[in-house]
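# Structural description and commentary
Listed below are the residues making up each chain.
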Amino acid sequence: MKNLLILTMIGLAVLAGCSETGTRDSSGMPNPDGGSGQGGSMARFTVAGNYLYVVNTHSLNVYDVTQNADPKSLGKVTLGFGVETIFPYKNHLFIGTQTGMHIMNLANPAQPQQTSFYRHIYSCDPVVAQGDYAYVTLRSGTACNTGPNRLEVVDIKNLANPVRVSTIPMTNPHGLGIDGNLLFVSEGDHGLKVFDATDPLNLRLLKNFTDLRSYDVIPGNHLLIVTGRDGIFQYRYDDSQELTLLSKLPIDNQ
Amino acid sequence: MKHRFTFHLPFRRLVVPFLLLLGPACRQNAEEEPDRQVQALRPVYATYEEVATIKTLGPQPLKSPGKIYVKDRYLFINEQGKGVHVIDNADPARPRKLSFISVPGNVDMAVKGTILYVDNTVDLVALDISDPAQVKVVKRIKNAYPNPSYPQERGVQFECADPARGIVVRWETAMVSNPKCYR
């Protein structure tokens, strides 16, 4: 049985790699020329204001996209080891790496500077943020990385000093997203969990869709888009915190 | 750079305990047999000219969805290593495939205005998507990224990439004899 579990986890790691998706804040950043869209917590590309940021394994590449059709490379910032994901929030970039989360400020958007580094165990770690809190999932994606699977809630009131305030055990967390008081966490082949995040210090599990295999989510405007092994699923959610399936784009097997 | 991520066989001591966890099939083969055939990832190569050819096709089957991106009425779905499905999602109850942008090696994307930025193996490309049925390349920044030398997945064995054979556009699962790379 344990072997089966490990195999399943390896399968997930193989399928999903180590990078994931969630939501992003679009409020703090002016986006002229039609603005940018929304990716997930898995993204390695993000547009903030007039800049496109792309993370590689070791670095953050910066492009000036004032002219949308004419991106100009402005060089890169070296970040160290295992850079996975990028999430723009409050004029900062939250960059998930295998050893922790860099918080980079965009006071000079052409040259992001590190404000702080939130260290955690070696793991895959997409991150999303809302209000005064960031949410980070840690996944032991491979058999040689046997750390815990969990969701960490981090107080970011002081961006220079992020502090973990809560830890919730998970099964196999991947991408995540938050909208209002709902936090969605992909659990790989174990489904999708929905938490009531009204009190970020006391997340309350509302729903556990064990049959909805998911790796990544984008919530926003009462619409949840889920990507996973079985295709793309879209759900409507509302204040009653119910999820209603709207559509499914299935995998084509032929 | 890649050596921080890809471990060649001197690191086999680390690999073997991992293989033990893979189950009986690997357990028997991993240690002794000099010419072992194992299921592993293998690079699929293309020439730079092939890689840099971006085409708009009609709607294509969804096979291996990767990242997703939302902009206004559009939903973009990465088909891992192959390109981007453009979906009209004005009515989320009835998403409609509009087109498929063939972008070899593509993993990620972002949109500003009517421009879609994509990675195209080693290059960053800006695409005008005003008409999703006729996407135009408006800018290409060459050699923005290192030639991908390892798969996205972790905890996997793979045949080491050989830059002399071309650019790696994706990784396929295959029976590989003595894969020497691991990540």
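Above: the structure in question.
Worth saying up front: this structure is predicted, and the values here are computed from it rather than measured. (Residues numbered from 1 in each chain as written. Chains lettered and ligands numbered in written order. Predicted model: local features only at pLDDT ≥ 70, side-chain atom pairs only at ≥ 80, totals over all residues.)

## Notes on the sheet that holds strand E5 (residues 83-89) of chain A
Residue and element names in this part refer to chain A. Where we set the bar: Two strands make a pair as long as DSSP finds a minimum of two bridges between them. Secondary structure elements follow DSSP: runs of H or I of four or more residues count as helices, runs of E of two or more count as strands, with numbering from the N terminus. Here the axes come from fitting lines to C-alpha atoms, over the contacting stretch only for helices, and the angles between their N-to-C directions go from 0 to 180 degrees.
The antiparallel open sheet is built from 4 strands, whose spatial order is E5-E6-E7-E8. On the outer flanks of this sheet lie E5 and strand E8 (113-119), each paired with one strand and no other. On average, each strand axis in the sheet is tilted by 20° relative to the strand beside it, whichever way the strands run. Pairing between strand E6 (residues 92-97) and strand E7 (residues 100-105): 5 bridges, direction antiparallel. Note on E7: the bridge partner recorded for Gly96 is Met101.

## Quick look at the sheet that holds strand E10 (residues 136-141) of chain B
Residue and element names in this part refer to chain B. Strand order in the open sheet formed by 4 strands is E7-E8-E9-E10, with antiparallel pairing between adjacent strands. Of all strands in the sheet, those bounded by a partner on one side alone are strand E7 (109-112) and E10. Across the sheet, the mean angle separating the axes of adjacent strands is 25° when strand polarity is ignored. Relative to strand E8 (residues 115-120), E7 runs antiparallel, the two sharing 4 bridges. Directly across from Lys112, in E8, lies its bridge partner Ile115.

## A short note on the pairing of strand E5 (residues 83-88) of chain B
Residue and element names in this part refer to chain B. Here is the rule: Put simply, a residue is buried when 20 or more other C-beta atoms lie within 10 Å of its own C-beta and exposed when 12 or fewer do; between those, it is partly exposed, and each C-beta is set from the backbone.
Of all 6 residues in E5, 5 are buried; the element is thus mostly enclosed. When strand E4 (residues 74-79) meets E5, the two strands line up antiparallel, connected through 6 bridges. Opposite Phe76, over in E5, you have Val86 as the bridge partner. When E5 meets strand E6 (residues 96-102), the two strands line up antiparallel, connected through 6 bridges. Considered in E6, the bridge of Gly83 is made with Ser102.

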